Amino acid sequence: MSQQVRVRFAPSPTGYLHVGGARTALFNWLYARKTGGTFVLRIEDTDVERSTQESVDGLLRDMKWLGMTWDEGPEVGGPHGPYYQSQRLEIYQKYARRLLDNGAAYPCFCKEEELEAKRQKAEEEHRSLHYDGTCRSLAKEEVERRIAAGETYVVRVRVPEKDYVLEDLVRGRVEWKSETLGDFIVLRSSGMPVYNFCVVVDDADMEITHVVRAEEHLTNTHRQLILYEALGIKPPIFAHASLILGEDKSKLSKRHGATAVGQYAEDGFLREAMINFLALLGWNDGTDREIYNVAELTECFSLERISKSPGVFDHNKLIWMNGQHLRALTVDQLLPLVLPFLKKAMPDDARLDNPEVLRKLVELIQIKMNTLLDAVPVAESILRASQPEDEESIALVSTEKSKVLFAALAKEFTTCEWVKDGYNAAIKAAGKTAEAKGKDLFMAIRARITGSCHGPELVGILDVLGREEVIKRLNS
Ligand code: GLU
C-alpha cells in the first residue's frame, strides 16, 4: 500500500498572507484534497522578534476566506501537535540530543569572539570561512568535563565530506558540492534551534511526505538533506515551485499592486476566482484551459505539472477571471456576497433591507460587474437620485419637448400596470403626447430618472425604484 500523502503549509507569521504564500498553500491543499491526504498548517514563529499574533490571526482568516481548510494545525489540533514552532522547543532539543548521542553532531565550545577572529583571519588569507572544526574531535572526557564545569556550547552537525543530490519534482536534479558548507549550528547556546533544524524536525516528526514550497527555499534544502541523513530519516519528496513575477518580469512586489490576499477579499474578488488564478500561476493541466472551479482544479491538479518557469501575475487577467466566475453565479449565490459591499457604501438605504428590491437590483447589475466592489457605483447611480451633470444628459432633459414628456409620463405611470408591458405602453403614450422618439424619448427619460443617459436597462431600473420614486424623479 502506498503511503498516505501528508503535506504542509508553514508560514512565518511576520506579515500578511502574500499571494505567493497563498499559492504555495494552494498547491499543497490541492494535492492533499486530490489524493485524499492530509493538509497540515504549521506556524513557524521561532523568530520571536518578528512574529506577531496579529499576523497569525490574519493568516488564519485569509486561509479560511480562500476555503483552504486544514486537517491538522491551529484551532483544529491533531496528533502531531503542537503546530506552533514556538511551542515545540522540547521536541527540537530531543532531536538535538539524538544527534549528539549518535555522533552526528557535537557540542562546540568556541566563543563567538574567537570564531569572529578566526573568520577575519581566514578572510585575510583567502581561506574558507567555514567553521574550522576545533571542537569536532574533542575527547569524550574533555567534553564531559567542560559541560560539568558549566561551559556553554552550541550543537554543531558534523557535515560529511560528500556531494548531495536532490531529485526535485519541479526543478529536476539539483547538486551541492561537498566543500560549500562547514559544520553548522543546529542548537544555539541558549537552547534555541536554528531555522533549518526546526523545519526538518517538524517535517520528520509530522510525517510529511511531500514538501511543496517556493524556489527561494531551494538553497535551504542542502542543509536539510544533511540533517535528514544525520537523523537517519528518509527525506520527503521535494517540489520547489518557481517565483511569481510582476508583469515587468521582476519579482512580484507591492509596486505591482496588492500582494496581500486580504486586500483582494476587500477589493471584491471572489474566493473561487482567486483560487483559479493562483493555481494557474505556475501550474497548468497541459491544455490552454483557464477557467476552473475548485472541484475541477482538485481533479486536474498534479505536482508533476508545476511549471519550471515563473508565473506572471497579470492583474487584468485576474479581473477578467473574476468577472467570469462572478457572472456564472446565480443571483441567489451572488446576493449575500455583494450585500456587504452595498451596505458599507449605503448604510442608511432601507431598500437594501428589502429582499425583493435587492434581488432585482443584483439581477440588473450583475452583467456590469467584474468585482463585487463594481456593484457599488452602479447601484449608487440607480438608488441615489441625482441631477444630470454631463453635457449630453443636461441637453436631453432641458428641452421644452422633454418637459412635456416627463409630465405626460408621470401621469401615465400613475395608472399603468407596474410591469414591463405597462412601462412600455406608458412610455409609448407619453412619447406620442410629447412628439418625442428615439434618443429624445428613451435617453431623456433615463437621464431624468438616473441623472445619466447611460447605465443598466431602463426596465430594470424602474423595477428597482418602484412607481412612487420614479414619478417623484420625473416631477423633480
Ligand atoms: N516558514 C517558511 C516561510 O514562510 C517556509 C518554510 C518551508 O516551507 O520549508 O517562507
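Structural notes, computed from the coordinates. All values reported here derive from a predicted model rather than from experimental measurement.

**A closer look at the overall build of the chain**
Then step 1. Each helix and strand in the chain was counted, giving 19 helices and 11 strands.
Then step 2. Its C-alpha atoms give the chain a radius of gyration of 32 Å, clearly above 23 Å, the size a compact globule of 476 residues would have.
Then step 3. For the chain, the C-alpha atoms occupy an extent of roughly 110 × 50 × 40 Å along the three principal directions.
Then step 4. Look at the contacts in the chain between residues 6 or more apart in sequence, and 74% of them connect residues 24 or more apart.
Then step 5. About 23400 Å² of surface is accessible on the chain, with carbon and sulfur atoms providing 51% of the total.
Then step 6. Of the side chains in the chain, 62 bear a positive and 72 a negative charge, and the two mean positions are spaced by 2 Å.

**Notes on the site of the ligand**
Then step 1. All residues adjacent to the ligand are Arg8, Ala10, Pro11, Ser12, Glu44, Tyr195, Val199, Arg213 and His217.
Then step 2. At a separation of 2.9 Å, a nitrogen atom of the ligand approaches a polar side-chain atom of Ser12.
Then step 3. Between Arg213 and the ligand, the recorded distance is 2.7 Å, taken from a side-chain N or O atom to an oxygen atom.
Then step 4. Contact with the protein chains hides 83% of the accessible area of the ligand, taken as 300 Å² for the molecule alone.
Then step 5. Tallied by class, residues from the shell around the ligand come to 4 nonpolar, 2 polar and 3 charged.

**Details of the pairing of strand β2 (residues 38–41)**
If a strand is regular, its side chains alternate between the two faces of the sheet.
Then step 1. Here β2 shows no split at all, with Thr38 and Val40 on one side and Phe39 and Leu41 on the other all buried.
Then step 2. Pairing of strand β1 (residues 6–9) with β2, which is carried by 4 bridges, proceeds in the parallel orientation. Its bridge partner lying in β2, Val7 is registered against Phe39.
Then step 3. What joins β1 to β2 is helix α1 (residues 19–35), and the crossover it makes is right-handed.

Rules used in this analysis
- Residues numbered from 1 in each chain as written.
- Predicted model: local features only at pLDDT ≥ 70, side-chain atom pairs only at ≥ 80, totals over all residues.
- Heavy atoms only, no water.
- Helix = DSSP H or I, 4+ residues; strand = E, 2+ residues; numbered from the N terminus.
- Rg over C-alpha atoms; globule rule 2.2 N^0.38 Å.
- Contact = heavy atoms within 4.5 Å.
- Areas by Shrake-Rupley, 256 points an atom, 1.4 Å probe, with all protein chains shown as cover.
- Lys, Arg positive; Asp, Glu negative; His and termini not counted.
- Charge placed at Lys NZ, Arg CZ, Asp CG, Glu CD.
- Near = heavy atom within 4 Å.
- Polar contact = N/O pair within 3.5 Å; in protein donor to acceptor, adjacent residues only side chain to side chain.
- Nonpolar A, V, L, I, M, F, W, Y, C, P; charged D, E, K, R; others polar.
- Buried < 20%, exposed > 50% of the residue type's maximum accessible area, 1.4 Å probe, protein only.
- Pairing = 2+ DSSP bridges.
- Right-handed = clockwise from strand over helix to strand, strands pointing away.

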